[in-house]
2 protein chains.
Amino acid sequence: MVSTDERIAPKKKSSVFDLGTYLVQRKALVEEALDRSLSVVAPEKIYEAMRYSLLAGGKRLRPILCLATCELMGGTVDMAMPTACALEMIHTMSLIHDDLPAMDNDDYRRGKLTNHKVYGDDIAILAGDGLLAYAFEYTAVHTQNVPAQQVLQVIARLGHAVGAAGLVGGQVIDLESEGKSEISLETLHFIHTHKTGALLEACVASGAILAGADAVDLQRLSKYSKNIGLAFQIVDDILDITATQEELGKTAGKDLQAQKATFPSLLGLEQSRQEADRLIAEAIDALAPYGKQGETLRAIAQFITARKH
Amino acid sequence: MVSTDERIAPKKKSSVFDLGTYLVQRKALVEEALDRSLSVVAPEKIYEAMRYSLLAGGKRLRPILCLATCELMGGTVDMAMPTACALEMIHTMSLIHDDLPAMDNDDYRRGKLTNHKVYGDDIAILAGDGLLAYAFEYTAVHTQNVPAQQVLQVIARLGHAVGAAGLVGGQVIDLESEGKSEISLETLHFIHTHKTGALLEACVASGAILAGADAVDLQRLSKYSKNIGLAFQIVDDILDITATQEELGKTAGKDLQAQKATFPSLLGLEQSRQEADRLIAEAIDALAPYGKQGETLRAIAQFITARKH
């Protein structure tokens, strides 16, 4: 079998970096790895439900960030792919549970019916649990050519990012804030840095740890990932107002309808755009020490503010 | 600080093994470790919800099994305690999610209101997610004096036991089987070996792996844990019919009401008791090579059929 690293080698020969092509290629690689990661065995229904959401498309930005950071730090795509898949499993779990009637009660996600609309609330809860558990198992079993101590560090980061100190904690405050008009910018910041930021930071940190990055690099990359995480969420809030349902693949205008505090509702559209731009500029600054090597992460940061869905 | 191993040393001096005292002491040790494992920080509500169920009592049989197996294989209580706590976090998560209205819809658990009755369905779902993620983080961060490779093996086992190949898969078939009168003994066996058995097996296997057990020992202990796992569930089914709500701390007669197939409903009470006894006898046989060293696991196996709640 040709290793993943050999198959993607030609990209490095081109002198002008083309993010569009890069993202398409990487997304295909990730989709292939995700497809291989989870077979349907008995009991079929639960594996089908897990695969339904895991393979429902999306930008695959989290795994792509993990792979890119691992390469920037001198590692390979093969070293990081199991963790990259785990990050997407965790992200998918959070979407399945967030969409439940007991939570955000969403019928559409990525242009398809949400998991519970197809399989029922009970199976959707279990599919999320199954994906979360499998993320850790998959990382522990399939990561190769990385010292075990580093894999343990990655597992600790993944757990921290998705738990009460991260994604789950952000979702709790988000749920509490719904329908309240007096949400502060500080609370909104907490929600976003936890609900979206923590996992994006874990993508970058885990890629770096797998490659054996030192504390100085981890610090720089943490700055980068914190900034793009917050910018990503601000842009999400903006798109909820300005984009159509077709572009988003999910119900548009959901935040306004739910009277959710968002950056645009607190700062206005224009100032929100400026804040996202400022965060991205700072993220790019943090990559300065890597020169041309940092072009992939730089381009991904720029892509976040430019995206339309 | 006095290490856990020094504090429990006196037990070993007594010549007659007293399981009752042992279980009380070990339960206290585990409760203390669980209490320390999870502090309430912001956002308080989610940590309180996680602690509410994690510290709601119970027999703590899973962590106790993990600790006892680690000691049998020459390891220490301190080596296994983080994993023991993780096993209880995973078990608690499965109870919180199982009790949800979308699943078994239970109002009481361990004599207290279930998590969602106190905190709401949304927080209960998130508390389960938070506990599951934290179990892996906690094992990865806090396990000491064990080679990293063995900790990774333990994490892989935990993930496998709780995911679609274990607990989650068992729950799916259990939900599917509800209200069906024609459930086969084979299906019931699948439900029990997955819903209860897989995690109990992981308790024993992880304790052994942490202590560096070899393949022969793992094989013997797998036989032991498979048998006590199935016996445990058969006894649970029997108690659901014969015990009172006060003894169980949860709604009694639930299975009958839900028209659930159980061992007693398929085999009758008497033959179910015989089957449990047979399984326990076989489990005890598997411990023969350990002689007097195996007395703790032997006594725990006997306790499973003798228990009243």
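Please refer to the structure placed before this passage.
Structural notes, computed from the coordinates. (Residues numbered from 1 in each chain as written. Chains lettered and ligands numbered in written order. Predicted model: local features only at pLDDT ≥ 70, side-chain atom pairs only at ≥ 80, totals over all residues. Heavy atoms only, no water.)

The next subject is the relation of the copies chain A and chain B. In summary, the two copies of the chain are related to each other by a rotation about an axis coupled with a shift along it. Of the transformation superimposing chain A on chain B, the axial component is 0.0 Å and the angular component is 180°, with the fit at an RMSD of 0.0 Å. Within this description, the copies of the chain are treated as partners about a two-fold rotation axis. Rotation axis and chain A: the residue whose C-alpha lies nearest the axis is Ala148 of chain A, separated from it by 2.7 Å. Residue by residue, 100% of the interface of chain A is reproduced at the interface of chain B, so both copies engage with the same surface. (Least-squares fit on C-alpha atoms with pLDDT ≥ 70 in both. Contact = heavy atoms within 4.5 Å.)

All names here are of chain A. Closest axis-to-axis distance for the helix H16 (residues 269-286)/helix H17 (residues 295-306) pair is 9 Å, and the angle between their directions is 180°. Put simply, H16 runs roughly antiparallel to H17. Where H16 abuts H17, its residues Ala276, Asp277, Ile280 and Ile284 lie against Arg298, Ala301, Gln302, Ile304 and Thr305. When grouped by side-chain class, the residues that make up the contact of H16 with H17 number 5 nonpolar, 2 polar and 2 charged. (Axes fitted to C-alpha atoms, helices over the stretch in contact; angles between N-to-C directions. Helix = DSSP H or I, 4+ residues; strand = E, 2+ residues; numbered from the N terminus. Parallel < 35°, antiparallel > 145°, perpendicular 65-115°, else oblique. Nonpolar A, V, L, I, M, F, W, Y, C, P; charged D, E, K, R; others polar.)

This brings us to helix H12 (residues 215-242) of chain A. Taking 1.5 Å of rise per residue, 28 residues should cover 40 Å, and H12 of chain A covers 40 Å from first to last C-alpha, within 8% of that figure. One side-chain oxygen at the N-terminal end of H12 of chain A lies 3.2 Å from the backbone nitrogen of Val216 of chain A; it belongs to Asp214 of chain A. (Expected span 1.5 Å × (residues − 1). Polar contact = N/O pair within 3.5 Å; in protein donor to acceptor, adjacent residues only side chain to side chain.)

Take the pattern of salt bridges next. Residue and element names in this part refer to chain A. This structure, assessed with the given rule, holds 37 salt bridges over all chains. We note a salt bridge from Arg26 to Glu71, for which the minimum N-O separation is 2.9 Å. Of this pair, Arg26 sits in helix H3 (residues 19-37) while Glu71 sits in helix H5 (residues 61-72), placing them 45 residues apart in sequence. By the burial criterion, Arg26 is buried, and Glu71 matches it. With a shortest N-O distance of 2.8 Å, Glu295 and Lys292 are connected by a salt bridge. On the accessibility criterion, Glu295 (23% relative accessible area) is partly exposed. (Salt bridge = Lys/Arg side-chain N within 4 Å of Asp/Glu carboxyl O. Buried < 20%, exposed > 50% of the residue type's maximum accessible area, 1.4 Å probe, protein only.)

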